[in-house]
2 protein chains.
Amino acid sequence: MRWSELESADCPIARALSILGDRWTLMILRDCFFGVHRFEAFQANLGISRTILRDRLAHLVQAGILVQRPYQDRPVRYDYVLSAKGKALNGVMLMLGEWGRTAVDGQPETQIRHRHQTCGHVLTPYVACAACGEEVVAKDVRAVRAA
Amino acid sequence: MRWSELESADCPIARALSILGDRWTLMILRDCFFGVHRFEAFQANLGISRTILRDRLAHLVQAGILVQRPYQDRPVRYDYVLSAKGKALNGVMLMLGEWGRTAVDGQPETQIRHRHQTCGHVLTPYVACAACGEEVVAKDVRAVRAA
DNA sequence: ATAGTCAGTCCATAAACTAAACGCACTTAA
DNA sequence: TTAAGTGCGTTTAGTTTATGGACTGACTAT
């Protein structure tokens, strides 16, 4: 199967992965959440090849996840910043980080975390149900086709 | 940069992506959450090439995310099932699906969703803070190096 | 003038992926 | 007792994608 065929799947995870599911895209977006905006900064941070970086940034802009914002003229140079659609990935990033911290071998205590500004605590994120507010665990969910 | 260098990064997102960050791994895991266990079923479902499937399954087993459970002898055949570490990815999957459903172009209403068995509602997942129980949004989190 | 910055592009090589055929150890049906 | 089927792979050959490094172009600062 061609990867590009996934974008029209009726599974939302498949659709998400058709955009995010390669080796670098999520790393670039992670940098965006950490405040990195510029081509050279992404390249230096990630050690990604410039060709791929160009390609991935273009895709993210095309998908409406990043927007280009000019920060100088002569020559025109752009920042790449998260759109609303990009910021909506925050939950994915937090859960991915939490899994990486707790499940991947290593020293969890030396790793970067987040502070929840509104309550002041170091953040331990979990997924909750909008209807009942309870934590959602794997055994309590069943796939359904929405009405 | 070599992709393999990421696994020792001090960013938990980078570590997570060193395992999950390729074109097929998360799709295979999605299938696991939907109850797919066998080689032929993954292959038929995803249309992935058999070589890659073999490789990805081996990696996931090695990383302790899937475990092989024999379901017959002569010849020995294995199911691939989620370990605790694999099930811990549930939150990532739910948030990825929610983003795919709401942010990626398409008809959200025709897509697969989940039901939250404990309250009976169709699930709309969000990320909450374990300390205060409130929803966590992008602007309220700041990266910190854990003490 | 000389060097430096930033965002790319170009190119040759290397790695990853693909599809389709094949192998092996069985089981079931004719 | 062959013949076909099942399940999980491996092999091969061809295609696609990624990589690293040099290079370009439009500037700015010294």
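Values in this document were obtained by computation on a predicted structure and should not be read as measured data.

So, on to the overall build of chain A. Looking only at helices and strands, one finds 6 helices and 5 strands in chain A. Beginning at the N terminus, the succession of helices and strands in chain A can be written as α-α-α-α-β-β-α-α-β-β-β. Reported as C-alpha extents along the three principal axes, the dimensions of chain A are approximately 55 × 40 × 30 Å. Across the 147 residues of chain A, 46% fall into the buried class. Relative to all contacts within chain A whose residues are 6 or more apart in sequence, the contacts with residues 24 or more apart total 34%. Only carbon and sulfur atoms are counted for the fraction: they give 48% of the accessible area of chain A, which is about 7,200 Å². Here chain A holds 19 positive side-chain charges and 15 negative ones, and the gap between their average locations is 5 Å.

Here we take up the packing of aromatic side chains. This structure, assessed with the given rule, holds 0 aromatic pairs over all chains. One Lys or Arg, R38(A), reaches over the ring of Y71(A) and ends 3.5 Å from the middle of that ring.

A few words on the protein's contact with DNA strand C. Near DNA strand C you find 19 residues, and of these R50(A), R54(A), R77(A), Y80(A) and R56(B) are the closest. Among atoms of DNA strand C positioned within 4 Å of the protein, sugar and phosphate together represent 68%. Within the side chain of E40(A), an N or O atom sits 2.9 Å from a base nitrogen of DNA strand C. Contact distances for DNA strand C include 3.0 Å between a base nitrogen and a side-chain N or O atom of T51(A). Residue assignment for the surface near DNA strand C shows that the elements contributing at least two residues are α3 (39–46), α4 (50–62) and β2 (77–82) of chain A together with α4 (50–62) of chain B. If you tally residues by element for the surface near DNA strand C, the top one is α4(B), at 4 residues. Considering only residue class, the surface near DNA strand C consists of 7 nonpolar, 4 polar and 8 charged.

This part takes up the interface of chain A and chain B. With 82 residues of chain A in contact, the opposing surface of chain B contributes 81 residues. When chain A packs against chain B, close to 7,500 Å² is buried across both sides, 70% of that on carbon and sulfur atoms. When the buried surface of chain A facing chain B is broken down by residue, R15(A), R23(A) and W99(A) rank first, second and third, together holding 10% of it. In this structure, the connection of chain A to chain B is made through 20 residue pairs in polar contact (both at pLDDT 80 or more). Broken down by secondary-structure element, the contributors of at least two residues to the side of chain A that touches chain B are α1 (12–20), α2 (25–33), α3, α5 (84–87), α6 (90–103), β3 (112–116), β4 (125–129) and β5 (141–145) of chain A. If you tally residues by element for the side of chain A that touches chain B, the top one is α6(A), at 12 residues. Classifying every residue of the side of chain A that touches chain B by side-chain character gives 47 nonpolar, 18 polar and 17 charged. Note that β5(A) and strand β3 (residues 112–116) of chain B share 5 bridges and pair antiparallel. The residue bridging R145(A) from the neighbouring strand is I112(B), located in β3(B).

How each quantity is defined
Residues numbered from 1 in each chain as written. Chains lettered and ligands numbered in written order. Predicted model: local features only at pLDDT ≥ 70, side-chain atom pairs only at ≥ 80, totals over all residues. Heavy atoms only, no water. Helix = DSSP H or I, 4+ residues; strand = E, 2+ residues; numbered from the N terminus. Buried < 20%, exposed > 50% of the residue type's maximum accessible area, 1.4 Å probe, protein only. Contact = heavy atoms within 4.5 Å. Areas by Shrake-Rupley, 256 points an atom, 1.4 Å probe, with all protein chains shown as cover. Lys, Arg positive; Asp, Glu negative; His and termini not counted. Charge placed at Lys NZ, Arg CZ, Asp CG, Glu CD. Phe/Tyr/Trp six-rings, centres within 6.5 Å; stacked < 30°, edge-to-face > 60°. Lys NZ or Arg CZ within 6 Å of the ring centre and 35° of its normal. Near = heavy atom within 4 Å. Polar contact = N/O pair within 3.5 Å; in protein donor to acceptor, adjacent residues only side chain to side chain. Nonpolar A, V, L, I, M, F, W, Y, C, P; charged D, E, K, R; others polar. Buried area = accessible area lost by both parts, 1.4 Å probe. Pairing = 2+ DSSP bridges.

Everything listed here is a matter of coordinates, which is why it stays silent on function.
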